[in-house]
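# Structure assessment
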Amino acid sequence: MRMPKMLFALIFALLAASFATQAGAQGLTVQIVNGVPSAIPISVVPFGQQGSGPASPVDIAQIVSMDLNRCGKFRTLPTSEVVESPTTGSQIKFATWQQLKQDYIVVGRTSYDGGALKADFELWDVNKQQQLLGLSITGQGSDLRRVAHQIADQIYQKIIGVRGAFDTRVAYVTMVGLGDNAQYALVVADSDGYNPQTVVRSHEALLSPAWSPNGQELAYVSFESGNSAIYIQNIATGSRRVVSARAGINGAPRFAPDGRRLAVSLSFQGNPEIYAMDLATGALTRLTHNLAIDTEPRWTPDGASVVFTSDRSGKPQLYQIPASGGTPQRITFQGQYNANASISYDGKKIAMVQGNGNVYRIAVMDRSLGGQETFVSPGNLDDAPSWAPNASMLLYAANEGPRGVLYAVSADGRVRQRLVLGDGDVREPAWGPYRNP
Amino acid sequence: MNATVRVSVVALFCLAAAACAKKQEVKPQVAPEAPTTTTAPTTEGAFTPADLQSNACLRTRVIYFDFDKSDIQSQFDNIVACHAKYLRDRPMARMTIEGNTDERGTREYNLGLGERRGNALASALEAAGASADQIKVVSYGEERAVCREHNESCWHQNRRDNIVYTTE
């Protein structure tokens, strides 16, 4: 009896240690699962060094390349095929890049003085031999990777015509250990999984992180008090407050687009109902009145209505109700089980967990195309879709063997990238809003 | 659209009817027992905290559920009966029922489903004479799985209510 216990403790310690080093050193690892041959070919040439200072501690061109690749809209030239290394527009021999069938080329230079990193870069159209961008981006201290993400955002916006979402953050929950030894953490990281920072730790379950519209706070559910309770925590200062710890379920918080209200699912009146909480006063407006489970409220981008999950028709389906209350309308009709919606910034696309039999996949319903649905994940136990703020990509949680992993998938489902955190179990991803540079 | 609404209305009606039918069924089953227990503690003996360790029925603190279901299966009727009797015999006793689900489906929906399972057991205990203020229900949804493989035998172990006596 004693030996196995000690053994278990040892294994847990090793797991915890490996979790800590993984989280600290490299964050989430990256793996492209499948590619898109039709993606736009672009070369990001390794950046040159400007001035006599030390070399940049981060490889800007490589980070830009990774960003562009994983969104599914671009295909970058592998470094091994980059035969010339221009660092300014005037050094580009366009014939070379035309022969390599590249549509665009990015060149640049960095200078680093030990604290600040400055990157000058240019984006050129290879066929027109025309400069599309010429910008200088500066980053400080621990945020050097942001310089690369901001460059990728500029390139994305120039070519695709939509604001890029690489310079954003994601939140997720990790779990290591089992039973009484379980250790949960709510983590915030860059959108590519780097720079993970633990926001809160708990020995009890943490779930449903939700970003405030300004990106400064997270609402989440914690069981640390023995029952579910909803907290709002400032990411930078760590200060937090309980916003609901009523009897029964306190779940599924979501900030309204104006940041002043929080939609929640509470069961203190008997069974889970959707409420809108005024964050200044704490006053609750009850939106649903049904004996079913009503949960997972999601604001539409205009803040005028709320999409939620309800099993009032037997199995969970998505419904929409005015944010002031009213009669809910069912909006999903395909699949036995539809839940956990994520609504794109323009309100057109709703990603959800769709279950058929024992297979749960992420489905995207396009309301601008008459509710046409496509699956963007293979299953079998996928959960928690979360749109990037520009709806170019989705994060979702999946199971691989005994552990949970996160995937980033392009909106069309054609490029998937696995984000794995050591031996820990990762779940509940939430993509944060745009950041101001 | 109309057909769907009609189907849901019918489904709701069936659900409601089933719930009512079940309640009516449960009560008469319990009613004849109630007088015997109020008059019979001397013959059968009232439970004491020691029985929680020694009585085979009281030592059983878990009941299991079918997938996506929250009704108490008849095989657990004796478990409900003995814990209800314990609560009747010991009015100072307090119990927390922890409702749990398997991993299928979303975490927040499963919180609701776990609560439904906890409430189902609480209702059954109350119908058998326990007092509502003796029972607290907490749902952990899928967060407290006892088995982490992705198969039915594992899922079955996770779809459960745990009975925890907070005051014996």
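Above this text you will find the structure in question.
Helix and strand counts for chain A come out as four helices and 31 strands. For the C-alpha atoms alone, the extent of chain A along its principal axes is close to 70 × 60 × 45 Å. Across the 437 residues that make up chain A, the buried fraction comes to 57%. In chain A, the proportion of contacts linking residues at least 24 apart, taken out of those at least 6 apart, comes to 44%. For chain A, the exposed area adds up to about 17500 Å²; of that, 50% sits on carbon and sulfur atoms. Between the mean site of the 37 positive side-chain charges and the mean site of the 35 negative ones, chain A shows a separation of 2 Å.

Residue and element names in this part refer to chain A. Checked against the element boundaries, Tyr220 lands in strand S12 (residues 217–222). Given a relative accessible area of 1%, Tyr220 falls into the buried group. Residues Tyr220 and Pro209, spaced eleven residues apart in sequence, show a C-alpha to C-alpha distance of 4.3 Å. Setting aside residues no more than four positions away along its own chain, Tyr220 makes contact with Leu186, Val200, Leu206, Leu207, Ser208, Pro209, Ala229, Ile230, Tyr231, Gln233, Arg240 and Pro253. A distance of 2.6 Å separates polar atoms of two side chains, one belonging to Tyr220 and the other to Gln233. At 2.9 Å, the side chain of Tyr220 and the side chain of Arg240 are in polar contact.

It is worth spelling out the sheet that holds strand S24 (residues 349–356) of chain A at this point. All names here are of chain A. Across the sheet, four strands lie side by side as S23-S24-S25-S26; this open sheet has antiparallel pairing. Both outer strands of the open sheet, strand S23 (337–343) and strand S26 (372–375), are each paired with one neighbouring strand and no more. Between one strand and the next, the sheet's axes are offset by a mean angle of 30°, whatever the strand orientation. Note: S23 against S24, five bridges, orientation antiparallel. Counterpart to Ser342 in the pairing with S24 is Ala351.

Take the sheet that holds strand S1 (residues 62–64) of chain B next. Whenever strands of a sheet pair, they do so through backbone hydrogen bonds, lying parallel or antiparallel. Residue and element names in this part refer to chain B. Judged by pairing direction, the sheet is mixed, and its four strands sit side by side in the order S1-S4-S2-S3 without closing on themselves. Each edge of the open sheet is held by one strand with a lone partner, namely S1 and strand S3 (135–141). Adjacent strand axes in the sheet meet at a mean angle of 20° when their direction is disregarded. Of the pairings in the sheet, the one linking S1 to strand S4 (residues 160–167) comprises three bridges and is antiparallel in character. Within the sheet, the bridge partner assigned to Ile63 lies in S4 and is Asp161. Strands in contact with helix H6 (residues 77–89) are S1, strand S2 (94–100), S3 and S4; relative to S4, the strand with the most contacts, it is inclined by about 15°. Of the strands in this sheet, S1, S2, S3 and S4 touch helix H7 (residues 107–127), which is tilted by about 155° from S3.

Residue and element names in this part refer to chain A. Ranked by internal contacts, the top residues of the largest apolar core, which has 44 residues, are Ile42, Phe47, Ile60, Val64, Leu68, Ile151 and Ile155. At eight residues, the largest contribution of residues to this core is made by helix H4 (residues 144–160). Excluding anything up to four places from it in sequence, Val64 contacts Val44, Ala148, Ile151, Ala152 and Ile155. Of all hydrophobic cores here, the second largest spans 36 residues; its members include Ala182, Val221, Val243 and Leu266.

The next point concerns empty space enclosed by the protein. For the structure shown, the criterion picks out four cavities of 30 Å³ or more. Each pocket or cavity is described by its volume, and for the largest cavity that value is around 370 Å³. Along the wall of the largest cavity there are 25 residues; nearest its centre are Asn399 and Arg427 of chain A together with Glu103, Arg107 and Glu142 of chain B. A class-by-class count of the residues in the lining of the largest cavity yields ten nonpolar, five polar and ten charged. The wall of the second largest cavity is formed by 16 residues, among which Ser208, Arg254, Arg298, Asn340 and Glu428 of chain A lie closest to the centre. Contributing elements (two or more residues each) for the lining of the second largest cavity: strand S11 (206–211), strand S15 (250–255), strand S19 (294–299), strand S27 (383–387) and strand S31 (425–434) of chain A together with H7 of chain B. When grouped by side-chain class, the residues that make up the lining of the second largest cavity number seven nonpolar, three polar and six charged.

Let us now look at the interface of chain A and chain B. Counting from both sides, the interface comprises 45 residues of chain A and, opposite them, 28 residues of chain B. Counting across the interface, chain A meets chain B through five salt bridges. Between Arg116 of chain B and Asp311 of chain A there is a salt bridge, with its nearest N and O atoms 2.9 Å apart. At the boundary of chain A with chain B, the tally comes to twelve residue pairs in polar contact (both at pLDDT 80 or more). At the level of secondary structure, the elements contributing two or more residues to the side of chain A that touches chain B comprise S11, S15, S19, strand S22 (329–330), S23 and S31 of chain A. The leading source of residues in the side of chain A that touches chain B is S23 of chain A, at three residues. By residue class, the composition of the side of chain A that touches chain B is 21 nonpolar, 15 polar and nine charged.

Residue and element names in this part refer to chain A. Quantified by volume, the second largest pocket comes out at close to 750 Å³. In terms of residue count, the dominant contributor to the lining of the second largest pocket is S31 (six residues). Class assignment of the residues belonging to the lining of the second largest pocket gives a composition of 20 nonpolar, six polar and two charged.

All names here are of chain A. Most of S15 sits inside the fold, with five of its six residues counted as buried. With four bridges connecting them, S15 and strand S16 (residues 261–266) associate as antiparallel partners. Each residue of the ladder has a partner; that of Arg254, found in S16, is Ala263. Counted between consecutive antiparallel strands, the loop separating S15 from S16 contains five residues, among which Gly259 sits at a positive phi close to 75°.

All names here are of chain B. For Asn100, the location among the structural elements is in strand S2. Note on Asn100: relative accessible area 1%, which makes it buried. Not counting residues within four places of it along the chain, the set of residues in contact with Asn100 comprises Gly114, Arg117, Tyr140, Gly141, Arg144, Asn158, Arg159, Arg160, Asp161 and Asn162. One polar contact links the side chain of Asn100 to the main-chain carbonyl oxygen of Glu98, over a distance of 3.1 Å.

Let us look at the packing of H6 of chain B against H7 of chain B. Residues and elements named next belong to chain B. Where H6 meets H7, the closest approach of the two axes is 9 Å, and the angle between their N-to-C directions is 65°. Remark: the crossing between H6 and H7 carries right-handed chirality. Of H7, the residues touching H6 (which contributes Val80, His83, Ala84 and Leu87) are Leu121, Ala124 and Leu125. Among the residues forming the contact of H6 with H7, the class breakdown is six nonpolar, one polar and no charged.

What counts, and where the lines are drawn
Chains are numbered independently. Their residues run from 1 in the order of the written sequence. Written order determines the labels here, with chains lettered from A and ligands numbered from 1. Owing to the predicted nature of the model, reporting of local features is limited to residues with pLDDT of at least 70; listing and counting of side-chain atom pairs is limited to 80 or more, with chain, interface and lining totals taken over all residues. Here the side-chain values reflect all heavy atoms present in the structure, with hydrogen atoms and water set aside. We count a stretch as a helix when DSSP gives it H or I for four or more residues in a row; a strand needs E for two or more, and each element gets its number in order from the N terminus. Relative accessibility under 20% of the residue-type maximum defines a buried residue, over 50% an exposed one, and the middle range a partly exposed one, all with a 1.4 Å probe and only protein chains included. Note on contacts: a residue pair is in contact if any heavy atoms of the two residues lie within 4.5 Å. Here the Shrake-Rupley method, with its probe set to 1.4 Å, supplies the accessible areas, and only the displayed protein chains count as covering residues. The charge count treats Lys and Arg as positive and Asp and Glu as negative. His and the chain ends do not count. Charge placement uses NZ in Lys and CZ in Arg. For Asp and Glu, CG and CD serve respectively. By the criterion applied in these results, polar contacts are pairs of N or O atoms within 3.5 Å in which, for protein atoms, one can donate a hydrogen and the other can accept it, and in which residues neighboring in sequence qualify only through two side-chain atoms. Strand pairing is assigned whenever DSSP detects at least two bridges linking the two strands. For helices, the fitted line uses only the C-alpha atoms of the stretch in contact; every axis is such a line through C-alpha atoms, and the angle between N-to-C directions lies from 0 to 180 degrees. Here the nonpolar core consists of buried residues drawn from Ala, Val, Leu, Ile, Met, Phe, Trp, Tyr and Cys, with membership extended through side-chain atoms lying within 4.5 Å. Here a cavity denotes grid points, spaced 1 Å and computed from the protein atoms alone, that fit a 1.4 Å probe unable to get out, and a pocket denotes an open set having protein on both sides within 12 Å along at least 5 of 7 lines; residues with an atom within 4 Å of a point are the lining. Grid points are joined across faces, edges and corners, and a volume is the space filled by probe spheres set on the points. Residue type decides the class: Asp, Glu, Lys and Arg count as charged, Ala, Val, Leu, Ile, Met, Phe, Trp, Tyr, Cys and Pro as nonpolar, and the leftover types, Gly among them, as polar. Between Lys or Arg on one side and Asp or Glu on the other, a salt bridge is scored when a side-chain nitrogen of the former is within 4 Å of a carboxyl oxygen of the latter. Should the near helix be turned anticlockwise from the far one by less than a right angle, the crossing is termed left-handed; should it be turned clockwise, right-handed.

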